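The residues making up each chain are set out below.
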Amino acid sequence: MRHFMATTFICLCMQSDFASADATFDGLWRSDGYGLILEISGNDVRLFSTGIDVCIPENDMPAPIEDVLPGVTFRMSEDESELLLTAPLEPHPILTRRLTSLPPGCTQVVPQTPVAVFETFVQYYDANYPFFELHDVEWSQRVSDARQRVNADMSDRALFDVLDWLIAPLRDGHVSLVAEIDGDIVVSAPGRASVLKYIRQGAEATGRNPTEAAREFRHAVWFESISQDILDGQGHLIGNDRIQYGMVEDRIGYLAFASLDGFGDEESQPAEGLQAFDSMLDEIMGFFEASGAKGLMLDLSLNFGGSDYMARAVASRFLHNPTVAYTKYAADAEDPVSTRVSIEPNPTRFGGDVFLLTSQVTVSAAEVLTIALRQGQHVHHYGETTRGAFSDALSRSLPNGWQLSMSNEVYLDASGEHWEAVGVAPEIEVTVFSDLDPIESHRRAIQMMVQHAMEQ
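These notes cover the structure that comes with them. Just so it is clear, the structure is predicted and the values come from calculations on it, not from any experiment. (Residues numbered from 1 in each chain as written. Predicted model: local features only at pLDDT ≥ 70, side-chain atom pairs only at ≥ 80, totals over all residues. Heavy atoms only, no water.)

1. Observations concerning the overall build of the chain
For the chain, the helix and strand inventory stands at eleven helices and 23 strands. Projected onto its principal axes, the C-alpha coordinates of the chain cover approximately 70 × 55 × 35 Å. Working note: accessible area of the chain is about 20,000 Å², and carbon and sulfur atoms make up 47% of it. (Helix = DSSP H or I, 4+ residues; strand = E, 2+ residues; numbered from the N terminus. Areas by Shrake-Rupley, 256 points an atom, 1.4 Å probe, with all protein chains shown as cover.)

2. Section: the environment of Ala 372
Counting through the fold element by element, Ala 372 comes out in helix H10 (residues 365-373). Among the residues examined, Ala 372 registers a relative accessible area of 1% and is labelled buried. Distance from Ala 372 to Ser 316, taken between C-alpha atoms, is 9.3 Å for residues 56 residues apart in sequence. Residues within four places of Ala 372 in sequence aside, it is in contact with Ala 315, Leu 319, Thr 323, Ala 325 and Ile 343. (Buried < 20%, exposed > 50% of the residue type's maximum accessible area, 1.4 Å probe, protein only. Contact = heavy atoms within 4.5 Å.)

3. What to know about the packing of aromatic side chains
Going through the model one piece at a time under the given rule, you end up with 20 aromatic pairs. Ring centres of Tyr 129 and Phe 131 lie 5.7 Å apart, and the angle between their planes is 85 degrees; on these two criteria the pair is classed as edge-to-face. Through a chain of ring-to-ring contacts, the aromatic side chains of Phe 121, Tyr 125, Tyr 129, Phe 131, Phe 132 and Trp 139 assemble into a single cluster. In this structure, Arg 218 packs its charged tip against the face of Phe 304, placed 5.5 Å from the ring centre. Above the plane of the ring of Tyr 124 lies Arg 396, whose end atom (NZ or CZ) is 5.6 Å from the centre. (Phe/Tyr/Trp six-rings, centres within 6.5 Å; stacked < 30°, edge-to-face > 60°. Lys NZ or Arg CZ within 6 Å of the ring centre and 35° of its normal.)

4. A few points about the side chain of Ser 301
Along the chain, Ser 301 turns up in the loop between strand S15 (295-299) and helix H9 (308-315). In this structure the side chain of Ser 301 is engaged in a polar contact, spanning 2.6 Å, whose partner is the side chain of Asp 299. Side chain to side chain, Ser 301 and His 442 meet in a polar contact 3.1 Å long. Beyond its immediate sequence surroundings of up to four residues, Ser 301 is in contact with Leu 357, Thr 358, Ser 359, Val 361, Thr 362, Val 432, Phe 433 and His 442. (Polar contact = N/O pair within 3.5 Å; in protein donor to acceptor, adjacent residues only side chain to side chain.)

5. Considerations on a negative patch on the surface
Where like charges cluster on the molecular surface, the negative patch consists of Asp 156, Glu 180, Asp 182 and Asp 184. Relative to the helices and strands, Asp 184 resides in strand S11 (residues 184-188). Residue classification places Asp 184 among the partly exposed residues on the basis of a relative accessible area of 49%. (Patch = residues over 30% accessible without salt bridge, like charges linked within 9 Å, V, L, I, M, F, W, Y side chains within 5 Å. Salt bridge = Lys/Arg side-chain N within 4 Å of Asp/Glu carboxyl O. Lys, Arg positive; Asp, Glu negative; His and termini not counted. Charge placed at Lys NZ, Arg CZ, Asp CG, Glu CD.)

6. Focus on the pattern of salt bridges
Side-chain pairing between opposite charges can occur once the charged atoms of the two side chains come close. Evaluated as defined, the whole model comprises 15 salt bridges. The partner of Glu 440 in a salt bridge is Arg 443, and the shortest N-O contact between them spans 2.1 Å. Of the two residues, Glu 440 and Arg 443 are both situated in helix H11 (residues 438-455); the distance of three residues between them amounts to about one turn of the helix. The class for Glu 440 is partly exposed, based on a relative accessible area of 24%. One salt-bridge network, in which partners are shared between bridges, spans Asp 32, Glu 82, Arg 97 and Asp 335.

7. Let's talk about the sheet that holds strand S23 (residues 428-429)
Read from one edge to the other, the open sheet built from seven strands follows the order S12-S13-S14-S15-S18-S19-S23, with strand pairing classed as mixed. Each of the sheet's edge strands pairs with one partner strand only, and the pair in question is strand S12 (236-238) and S23. When S12 meets strand S13 (residues 243-249), the two strands line up antiparallel, connected through three bridges. Paired with Leu 237 across the bridge in S13 is Gln 244. Its contacts with the sheet place H11 against S13, strand S14 (252-257), S15, strand S18 (353-358) and strand S19 (379-383), and it is angled at close to 160 degrees to S18. (Pairing = 2+ DSSP bridges. Axes fitted to C-alpha atoms, helices over the stretch in contact; angles between N-to-C directions.)

8. Comments concerning the packing of helix H7 (residues 210-230) against H11
Closest axis-to-axis distance for the H7/H11 pair is 10 Å, and the angle between their directions is 40 degrees. When the axis of H7 is compared with that of H11, the two are oblique. Along this stretch, H7 crosses H11, giving a crossing that reads as right-handed. Residues Phe 217, Ala 220, Val 221, Ser 225, Ile 226, Asp 229 and Ile 230 of H7 pack against Pro 438, Ile 439, His 442, Arg 443 and Ile 446 of H11. Taken together, the residues of the contact of H7 with H11 sort by class into eight nonpolar, two polar and two charged. (Parallel < 35°, antiparallel > 145°, perpendicular 65-115°, else oblique. Left-handed = near helix turned anticlockwise from the far one by under 90°. Nonpolar A, V, L, I, M, F, W, Y, C, P; charged D, E, K, R; others polar.)

9. Describing the side chain of Glu 367
Locating Glu 367 in the fold gives a position in helix H10. Apart from residues lying up to four places away in sequence, Glu 367 is in contact with Thr 362, Thr 386, Arg 387, Gly 388, Ala 389, Phe 390 and Gly 423.

10. Remarks on the packing of H9 against H10
At a closest axis distance of 9 Å, the pairing of H9 and H10 adopts a crossing angle of 35 degrees. Read as a crossing pair, H9 and H10 show a hand that is right-handed. Every residue of H10 that contacts H9 at Asp 308, Ala 311, Val 314 and Ala 315 is listed here: Ala 365, Val 368, Leu 369, Ala 372 and Leu 373. Looking at the contact of H9 with H10 residue by residue, the classes come out as eight nonpolar, no polar and one charged.

11. Overview of the sheet that holds S11
With antiparallel pairing, the four strands of this open sheet are ordered in space as S11-S10-S21-S20. At either end of the open sheet lies a strand with only one pairing partner, and these are S11 and strand S20 (393-397). Averaged over all pairs of adjacent strands, the angle between strand axes in this sheet comes to 15 degrees, irrespective of strand direction. The pairing of S20 with strand S21 (residues 403-407) spans five bridges and is classified as antiparallel. Across the sheet, the residue bridging to Ser 397 is Gln 403, located in S21.

12. Focus: the nonpolar core
With 54 residues, the main nonpolar core has Leu 38, Phe 74, Phe 118, Phe 121, Tyr 125 and Trp 402 as its most contacted residues. Residues in contact with Leu 38, not counting those within four places in the same chain, are Gly 27, Leu 28, Trp 29, Val 45, Arg 46, Leu 47, Leu 69, Phe 74 and Leu 85. The next biggest cluster of nonpolar side chains, apart from the first, holds 45 residues, and it includes Tyr 309, Met 310, Phe 350 and Tyr 411. (Core = buried A, V, L, I, M, F, W, Y, C linked by side-chain atoms within 4.5 Å.)

13. A short note on the pairing of S21
One face of the sheet, then the other: side chains in a regular strand alternate in exactly this way. Burial within S21 is extensive, with four of its five residues counted as buried. The pairing of strand S10 (residues 176-181) with S21 spans three bridges and is antiparallel. Within S21, the position partnered with Leu 177 by the bridge is Leu 404. Linking S20 back to S21 in an antiparallel pair, the connection comprises five residues, with Gly 401 at a positive phi of about 95 degrees.

In structure tokens:
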């Protein structure tokens, strides 16, 4: 915050202004945190991902900025030494500073050998992942042990297994490795919720496809248990089937989000998507008002995240007063830009008590929504501790084309508490997804909360 407040910035939006002939933000820019270098020339950019000593182009040739960084806006300092990058509809920027030349590593081709891929993977984590201690991982020792298993002649499958083992203790929902091996997509995601791990392991043990088994579980909860049992077939399914709402008892409403994104046309811009989503929220609020709902079950237990701006839009429909939702900054930055984000109540909002349900599945933007809503005294939090993966996912390409992601940001709630790798514990603990019968346990949790709502 100190550095951000000390500099005056001029807004230079990416479209018409960015194309002007005298644009002074052409050149090289290195981010503070996030491990990025941008080489900008006119409307084109070449983007590099950096580790400690490694630098790999994400696009081999300059490409239109709108293709590489869609919707991003730029603000430059008056002395033209710093540039802020801001994603669509998000207040938090990435600070970059001018470079006079590309680091030597950016001009060298990194080989696709197992050793080079391994070392690049490690360097990315060394430079940008700040949460090893939170996950009780002795990273240096683990890297040393893994390095002994890497050699020039190993297969892709063997290399993937080493990297999978290396990140296995990171119970982080934004840590992953995606590889194509012999024509198949292989995924390492050590931060999956335990119930999903249990379902996948059970499928593997019986020769079934684990991804399909997890998909069937989600389908059974969302389209069968919620739609037919909880809402008795009388609910409403909107937003590309990602939103369900209805009445569960006289004067008790129910609203569930399967994600916090993807509610409209996938070709729409973020502002268009948010506008469409706001219209859906108006419809939902109108339904609950017409139905005489005095209490509302807000179910985020099967929510896999999405966009923070969508989370804020939901929060604005249930908060009664202006609220500091969270503060965020890049934990891998030397001089972090800290952004405090507040939410204004929407005029069309729900005025009664809210009974919030989270689970071990609840992650990312759904957790951001959770900490924002918990500021309201009329919000009662039930269920299981959330996943503890707030940070946006930082993506990287490895020399052989494999993709990794990791967390690098810290979110603090209004009281300054840090929930990354910890998860947000409910006020009232309720088993939501038991391993042995997750669908029935979810149904029971809802029934218990309905009873509490009726007693208010």
